[in-house]
Amino acid sequence: MIMKTVIRPETEMKDSGIEWIGNIPRNWKLRKINSLFETIGSGTTPNSNIEGYYQGMVNWLQSGDINGTIVKSTKKHISSEIVSNTSALTVYKSPFIAIAMYGASVGNISIVDIDACTNQACCVLVKPIEDIYMQFAFWELMVAKEELVLSSRGGGQPNISQNIIKQLRIPVPHILEQQAIADYLDKTCSKIDEIIAEVKASIDEYKELKQSVIFEAVTKGLDKNVEMKEIDGWIRWLPKGWNFRKINGLFNVIGSGTTPKSSIEEYYQGTINWLQSGDINGTVVKNTKKHISDEIVENTSALVVYDAPFIAIAMYGASIGNISIVDINACTNQACCVLSQPTKDIDMGYSFWCIMSAKEELLLSSRGGGQPNISQNIIKQLRIPLPPLMEQRKIVDYLNDKTKEMDSLIIEKESLINDLEAYKKSLIYEVVTGKRRVV
């Protein structure tokens, strides 16, 4: 049977009295979550210093395991012994709903299809009463995510308490209509997710192709018949007339910056661009998220205003290895390495493409234990292919054109993903609040 939805006539609707829900069908009820599940609970974190506690077979659910899909496994497990000896640990029988109450995944919801304990950042809804269908409750809570986060407490970090979840009211139709809604959303959203996954895979292919085109151009040039020579480096072959030079011999200025003392508010109310690693994203930087004052620049020896244009490389953090050409005068924080004032031997645009192709080499050379850290010295010692200046400029023109085409296709596909995700979100909302009826 093919299911579809139709817009429910306004004459069949009533005001729910709740802003985020809006109108609902006249025969639907509003119910609090705590009236729909027999058990609402959480868990705790066993002492991590006792190694044996994490060598067991009991699934231990953390907020990071909750990602909007069905959970069939957990990243960590604990022993039966610690479960038996810890009153705050309970093995919840599957299936149950889990909600991330704080952390990076705050507000995320999953149906958990395995028996599991949880840590204190998870709220579980177990044993739905006969009036609620679990899969329908899952879709309702997906729609209520923003409301839960807005209702959260905890200052800078949202913190959804169990009480907020218990007091949340959701629209509840007859159980048979719940099942029809859940079946429709399961099938329809699964199809949308498949399309999104295909588009994402296509984007990844374009990104790989782009990287390949860049690598070929900056390591072999544009003449496919050029004679090559073998070299010792992160690339094995190089055109005969090219050199292989260290970065520190190609730029007159290689430096970084610092972070002004953040407790002094006035330092961040100036007009000087202050570049952070998060601003470096592989494109031309024309503005920065933050700015600092002339006063702090003048009084801080580690802060220098670099004249545009210059190259910036993220040395650590989430954007590690990213590179951009910065088209504005700016200071930087300590996570950015600046390459400024290129010598007469190198074109800045070519150096940008060349260093971009060497990103993996920089990451492999990074140090810092669990967190990779590209030092300035690693960047200075990096050797890059160096053709004659005229050939560099031809390569830059070629790559500017080729990558523009690919970037345009990637942007189109990313826009399609945004449209699909917006449509999916709107569809779920309209169906679980009864504005659309499943037929």
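What comes next concerns the included structure. (Residues numbered from 1 in each chain as written. Predicted model: local features only at pLDDT ≥ 70, side-chain atom pairs only at ≥ 80, totals over all residues. Heavy atoms only, no water.)

Next up on the list: the packing of helix α5 (residues 175-220) against helix α7 (residues 348-357). Where α5 contacts α7, the axes come no closer than 9 Å and their chain directions differ by 120 degrees. Remark: the crossing between α5 and α7 carries left-handed chirality. Between α5, through Q211, I214, F215 and V218, and α7, the contact on the second element is made entirely by Y350, W353, C354, M356 and S357. (Axes fitted to C-alpha atoms, helices over the stretch in contact; angles between N-to-C directions. Helix = DSSP H or I, 4+ residues; strand = E, 2+ residues; numbered from the N terminus. Left-handed = near helix turned anticlockwise from the far one by under 90°. Contact = heavy atoms within 4.5 Å.)

So, about the packing of α5 against helix α10 (residues 389-432). To characterise two packed helices, one gives the angle between the axes of the helices and the distance between these axes. Taken N-terminus to C-terminus, the directions of α5 and α10 make an angle of 170 degrees; their axes are 10 Å apart at the nearest point. Taken together, the axes of α5 and α10 lie roughly antiparallel to each other. Broken down by class, the residue content of the contact of α5 with α10 amounts to 29 nonpolar, 3 polar and 10 charged. (Parallel < 35°, antiparallel > 145°, perpendicular 65-115°, else oblique. Nonpolar A, V, L, I, M, F, W, Y, C, P; charged D, E, K, R; others polar.)

Our next topic: the environment of P46. For P46, the location among the structural elements is in the loop between β5 (37-41) and β6 (58-61). In this structure, the C-alpha to C-alpha distance between P46 and K220, residues 174 residues apart in sequence, is 56 Å.

Right, let's get into the sheet that holds strand β22 (residues 323-326). Here 5 strands make up an open sheet; going across it, the order is β17-β24-β21-β22-β19 and the pairing mixed. Only two strands of the sheet have a single partner each, and these edge strands are β17 (251-255) and β19 (284-285). α7 contacts β17, β21 (310-314), β22 and β24 (336-342) of the sheet and is inclined by roughly 165 degrees relative to β22. (Pairing = 2+ DSSP bridges.)

The subject of this paragraph is the nonpolar core. Among soluble globular proteins, nonpolar side chains are generally buried collectively. In terms of nonpolar packing, the biggest core is built from 43 residues, with I33, I97, L125, I165 and L185 touching the most fellow members. Top contributing element to this core by residue count: helix α2 (residues 134-143), with 7 residues. Those residues in contact with I97 that lie beyond four places of it in its chain are F37, I109, S110, I111, C123, V124, L125, M134, A137, F138 and L141. In terms of nonpolar packing, the next biggest core, distinct from the first, is built from 41 residues, I235, L250, F251 and I311 among them. (Core = buried A, V, L, I, M, F, W, Y, C linked by side-chain atoms within 4.5 Å. Buried < 20%, exposed > 50% of the residue type's maximum accessible area, 1.4 Å probe, protein only.)

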